[in-house]
Amino acid sequence: LVNKAKKKEKIKSDKESKVRQSVSFLKNKAKTLEDIYNNAKYIILDEVKFKDEDLKLIDEKAKKIIKEFNNNLTAVENLNKENLEPIVNELIKKYETNFKGIGQPLRVSLTGSKFGPGLYDIIISLGKEEVKKRLERRYLLKIEADSFEEDVLDLIPSKVLLQSLNCFSIKFGF
């Protein structure tokens, strides 16, 4: 798998290690090495690409769920299913939904697709810092922009936006 992926693009060593550790679940439902590689793209790529149809799942309720999950994740010491399940179950009760209602928005924001590995596998394979970074980069900033008539943040690449915010905070001492 890793050799096949390297032919397409160079994989950073830390990401290669994560892919190797994740092969056990990345191979689920895969019929070819190409399928496994495609399942691993969310780990390999720094920026995930979002499909318009999947982004439609991110409504106001989903944004709140993503933000609250991210806030709750801060207190988690060890990423494992036993520590993540109570957070998800609490959100299911609070937002009167089911696992899919919590899992799909989180999966889309972390991988760019509503399809893929299990939610807990995705979170554990990315690691806490990367999960928090991905959730904050795309959707938490977007929540702040909801008062705009048009969602301007969607028009600006996230890297450019974060660099601009960083320059602003340095210049004005925030």
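Think of each chain on its own: its residues are numbered from 1, step by step along the sequence as written. The model is predicted, so local features are restricted to residues of pLDDT at least 70 and side-chain atom pairs to those at 80 or more, both for listing and for counting; the totals for chains, interfaces and linings are taken over all residues. Side-chain descriptors were evaluated using all non-hydrogen atoms of the structure, hydrogens and water having been removed beforehand.

Novice: Honestly, the pattern of salt bridges in this entry has me stumped. Any pointers?
Specialist: Pairing between side chains of opposite charge can happen when their charged atoms approach one another. Put simply, a salt bridge is a Lys or Arg side-chain nitrogen that is within 4 Å of an Asp or Glu carboxyl oxygen. Applying the stated rule across the entire model yields seven salt bridges. A salt bridge links Lys15 to Asp46, with the nearest nitrogen and oxygen atoms 2.9 Å apart. Taken together, the positions of Lys15 in helix H2 (residues 13–26) and Asp46 in the loop between helix H3 (33–44) and helix H4 (52–55) put the pair 31 residues apart, joining distant regions of the chain. Under the relative-accessibility criterion, Lys15 is labelled buried at 9%. Only protein chains enter the calculation, and the probe is 1.4 Å; a residue is then buried if its accessible area is under 20% of its type maximum, exposed if over 50%, and partly exposed in between. A relative accessible area of 35% means that Asp46 is categorised as partly exposed. Glu130 is the salt-bridge partner of Arg134, the closest N and O atoms lying 2.7 Å from each other. Within this pair, Arg134 and its partner Glu130 are both found in helix H9 (residues 128–144), separated by four residues, close to a single helical turn. Considered together, Arg134 and Glu130 belong to a single accessibility category, that of buried residues. Helix and strand assignments come from DSSP, with helices taken as H or I runs of at least 4 residues and strands as E runs of at least 2, each series counted from the N terminus.

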